[in-house]
Amino acid sequence: MSLENIEWDYIILGAGTAGCVLANRLSEDKNNKVLLLEAGFKDNSIKIKVPALQPLVFGKENFDWCYKAQPDHTRNNFSAIWPAGKVWGGGSSLNGMIYIRGQKEDFDEWENFGVSGWSFKENLEYFKKSENNERGNSFYHSDNGPLNISNLKSNHLLNEKFIEASLNCQLPINDDFNGETQTGVGKIQVFQKNGFRHNTSTAFLKPSIKRNNLKVISGVLVDKLIIEKNRVSGVNIINNNIPESYYSKGEIIISAGSIGSPLILQRSGVGDGAFLKSKGIEVKLDNQFVGANLQDHPGCYCEFKTNISTYNTEFDFLNIVKHGLNWLFRGEGPIATPAATCCAFFNTKKIDDRPNAQIHFSPFTYHYSPLTSLKLPKYSAILTGTCLLNPETRGSVSISERNPFSPPIINHLLWESENDLGEIANALKKLCQIMLSPPMDRYVLNNPIKELSNRDLKLFIKKNSFLGYHASGTCAMGHKGVLNSNLKVKNIDNLRVIDASVMPKIIRGNTNASVIMIAEKGADYILSKK
């Protein structure tokens, strides 16, 4: 029987971080017929599996949508690339593998947006449900889930020295950023297993792919939903330039990410009515919040040359052999290195207050941005990425035209808020203090921000800015949002959105762990008919 003739119980749009979780959980009951549609293909590339090769997949069009934003006048009209996974596992196949859940207060304050049932206390079981943490079972962690969470397997002398220097700058040690508190400095945990990336495709989708009630179609583009009388009954897609339609007697779940999900809704007639009419689209539901509320963590790179070897300089033959064998047989060493090895979370005004800044520390450097070639400097250096966790800036995403092949319009001004710019400047001053403190001062040869005036520091920030690559919020839950607290699209039956776009306010930290939690909780909502 043709897959088009099957009446599915659930159709999931997107095999990304959330979609892989949903496909697994919804198909556990063999009576549920589940269809998963994905624009990309299997995550079989060794570049995805080997942690140190992450820059070779991130921002590369074989694996990534590489959405280009409108020029940003706060960055000298620079047009940023917004990465989004176009491969099984989505962002979990491209990201830096850093396991951070966010702060307890992040979820508790969602109630202020009219969201109920999403406090940290209510979410903790879903964080734990997916987790197979190498630290074992505890109040905050579990070792019974499918997703492996590993301790750092890449130990460099400078990791310890950065932590010691941070302690000398009044930051407390923190051995678990996902435990009692996020505040402090320490080594991270990572989405890895035996030294390999452990994404949601590997942990959730592939173990379930042999189930007879789950089907995956890769390499297809979602055109629009089929909506009649405020009820979704199916989806139109394009498969090798041929239009196809699939129908559901149950629910359709959009899991296309914070850029892709609002685009699908808008092409389907759900969004700002006047805007949709201007694009020749029949309005099915007028909701001005679709595609609004786009958030990310603005940040700034800073490179510090050192007088001892860093990983980027260890690519001679003997080191490659040594590090390769260490990784193959022990899953350790530079090849198992995530995007950062240590983090520091702190408040830029009062050290003991709730963190609003994060430093990513790496005992290596590289020069890279999406759609460009990776360059490894031949000199030893540390690369840090300092992010603002509580940004004021909000942007938007919208279709450029009705054609699903047309690129979106992304408007986001990274430094539109002077408060954001001031806070990131304060965070960099803290970074500067750490790098000037013992024992880091013995290893750092130059400090590029040490002598900068406030004006010059802000210019430095704009020149060395980056997105946190944590796009969130464009199909938010809440009063001024797209979704109810159960992730259902308001006033449309049988339709939910489950991915990072549902966050009314971005969490303070890397977002992948929270997206997995949202998918676990969303699957429970669906199966319990909430």
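Residues numbered from 1 in each chain as written. Predicted model: local features only at pLDDT ≥ 70, side-chain atom pairs only at ≥ 80, totals over all residues. Heavy atoms only, no water.

S.K.: Describe a nonpolar patch on the surface, listing the residues and the values that go with them.
M.R.: Taken together, the side chains of Phe 317, Leu 318, Val 321, Leu 325, Leu 328 and Phe 329 make up a nonpolar region of the molecular surface, amounting to roughly 710 Å² of accessible area. Looking at where Leu 325 falls in the secondary structure, it is placed in helix α9 (residues 317–330). (Patch = residues over 30% accessible without salt bridge, like charges linked within 9 Å, V, L, I, M, F, W, Y side chains within 5 Å. Areas by Shrake-Rupley, 256 points an atom, 1.4 Å probe, with all protein chains shown as cover. Salt bridge = Lys/Arg side-chain N within 4 Å of Asp/Glu carboxyl O. Helix = DSSP H or I, 4+ residues; strand = E, 2+ residues; numbered from the N terminus.)

S.K.: Can you break down the pattern of salt bridges residue by residue, with the values?
M.R.: As enumerated under the stated definition, the model contains 22 salt bridges in all. Between Glu 28 and Arg 25 there is a salt bridge whose closest N-O contact spans 3.2 Å. In this structure, the salt-bridge partner of Asp 176 is Arg 135, at a minimum N-O distance of 3.8 Å. With a gap of 41 residues between them, Asp 176 in the loop between α5 (157–167) and β7 (184–187) and Arg 135 in the loop between β5 (131–133) and β6 (147–151) connect regions that are remote in the sequence. Connected through shared salt-bridge partners, Asp 106, Glu 109, Arg 354, Lys 505 and Arg 508 make up one network.

S.K.: Account for helix α11 (residues 454–463), naming residues and giving values.
M.R.: In an α-helix there are 3.6 residues to a turn, and that puts residues three or four apart on one side. Residues of α11 that are buried: Leu 457, Phe 460 and Ile 461. Each buried residue of α11 sits inside an arc of 100° when the element is viewed along its axis, so together they form one side. Residues of α11 that are exposed and angled more than 90 degrees away from the buried face: Arg 455 and Lys 463. Those residues of α11 that are buried are in contact with β17 (298–305), α10 (418–436) and β23 (465–467). (Buried < 20%, exposed > 50% of the residue type's maximum accessible area, 1.4 Å probe, protein only. Arc of directions from axis to C-beta. Contact = heavy atoms within 4.5 Å.)

S.K.: Account for the packing of aromatic side chains, with residues named and values stated.
M.R.: This structure, assessed with the given rule, holds 15 aromatic pairs. Plain terms: the ring middles of Phe 120 and Phe 127 are 6.4 Å apart, the flat faces sit at 35° to each other, and that makes the pair tilted. A relative accessible area of 10% places Phe 120 in the buried class. Measuring from centroid to centroid gives 5.9 Å for Phe 364 and Tyr 366, while their planes differ by 10°, and the two rings are stacked. (Phe/Tyr/Trp six-rings, centres within 6.5 Å; stacked < 30°, edge-to-face > 60°.)

S.K.: Describe the sheet that holds strand β8 (residues 189–190), listing the residues and the values that go with them.
M.R.: Strand order in this open sheet of 3 strands is β5-β6-β8, and the pairing throughout is mixed. Of all the strands in the sheet, just β5 and β8 have a single pairing partner and so form its edges. Bridge count for β5 against β6 is 3 bridges, and the pairing is parallel. Counted as the bridge partner of Asn 132 is Asn 148 from β6. Most of the contacts of helix α4 (residues 120–130) go to β5, to which it runs at about 65°, and overall it touches β5 and β6. (Pairing = 2+ DSSP bridges. Axes fitted to C-alpha atoms, helices over the stretch in contact; angles between N-to-C directions.)

S.K.: So what's going on with α4? Which residues, and what values?
M.R.: Those residues of α4 not exposed but buried are Phe 120, Asn 123, Leu 124, Tyr 126, Phe 127 and Ser 130. Buried residues along α4 sit in contact with α3 (104–108), β5, β6, α6 (200–208) and α12 (512–527).

Fair warning: the whole summary comes from geometry, so function is off the table for now.
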